[in-house]
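If you want the building blocks of each chain, they are given just below.
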Amino acid sequence: MNRPPSTVAALAALAGVLALGACTPASADDPGRVRVVVSSYPLQYVVDRVGADRVDVTNLTPPSADPHGLELTVRDTAAIADAALVVHLPGGFQTAADAGLVDVPAERLLDVTTAAALRDEDPHFWLDPLRLADVADAVVERLAALDPADAAAYRADGAALVADLADLDARYAAGLAPCAGATLVTSHQAFGYLAERYGLHQVGIVGVDPEVEPSPARLREVTAVVDAHGVRTLFFERAAGPGVTQWLAERAGVATGVIDPVESHGEGDPDYLEAMETNLDALVAGLACG
């Protein structure tokens, strides 16, 4: 596969830095902190919560950027080489990160695929709070092993995060119980784990890749689903805007709503828990429940 020049240069730089030798766990900025690199916001949220002020976290995805389109910079490759731990979800969600992390030793890489119980081609496991809680447990164990002196603190902060996620799950289960079996139509197919957990049926206007344009045939299929299942709201994503979702809703005679896949985070944006609470409110208001 041909890679963009920026990716090739970054990979070459990473190989050179890795050749210098293994890193130490401590942060260059603060020798008392563990250097951690993550590839996307949901993983950053977990590491920030579990690690607190004991970790120095670098997110390869810039603030507010689309994680699907990530390209590594030379600064990113240096951060990867210096990290005591790299937390990543491989499998195509971020192909540049997949390529850039291929030479990271297993002892410094936490692949969250197993902890997240990832399946099919949908990477958005964090929209199921209980899957994210399982990833938090995996992060706790790796950080505790890297920094045994603070193991008890990692476990305490991890337990607090897991409790928050269990509470979020309980609120979702209660709020969406009257909506069991409802059809959730979204601009792209990012909400499968959420739908599975809470008894909804997801229909994406496009598939997992949000950059793909829906065909006329697909638009007709979704319109038929809206008519057949009494769908009241088509949901588009906060960052992407209404686009084709608004166009389709107008022709189907239904409303639009906003739902956040919580893939990225910018300054002033709600954090994971806040975004998920807002999503719950939108779902309860927009789905055909009762």
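Everything that follows concerns the structure shown earlier in this document.
Rules used throughout
Residues numbered from 1 in each chain as written. Predicted model: local features only at pLDDT ≥ 70, side-chain atom pairs only at ≥ 80, totals over all residues. Heavy atoms only, no water. Salt bridge = Lys/Arg side-chain N within 4 Å of Asp/Glu carboxyl O. Helix = DSSP H or I, 4+ residues; strand = E, 2+ residues; numbered from the N terminus. Buried < 20%, exposed > 50% of the residue type's maximum accessible area, 1.4 Å probe, protein only. Contact = heavy atoms within 4.5 Å.

Draft legend 1. Quick look at the pattern of salt bridges. Within this structure, the stated rule accounts for 11 salt bridges. A salt bridge links Arg-155 to Glu-141, with the shortest nitrogen-to-oxygen separation between them at 3.0 Å. In this pair, Arg-155 is assigned in helix α7 (residues 151-176) and Glu-141 in helix α6 (residues 129-146), connecting sequence segments 14 residues apart. For Arg-155, a relative accessible area of 41% gives the class partly exposed. Residue Glu-141 is classed as partly exposed on the basis of its relative accessible area, which comes to 42%. Salt bridges sharing partners connect three or more residues here, namely Arg-119, Asp-128, Arg-131, Glu-196 and Arg-197.

Draft legend 2. The environment of Val-47, seen in detail. Residue placement: Val-47 occurs in helix α2 (residues 41-51). Residue classification places Val-47 among the buried positions, given a relative accessible area of 1%. C-alpha of Val-47 to C-alpha of Val-140: the two residues are 93 residues apart in sequence and 8.5 Å apart in space. Those residues in contact with Val-47 that lie beyond four places of it in its chain are Val-36, Val-38, Ala-52, Val-55, Val-57, Val-87 and Val-139.

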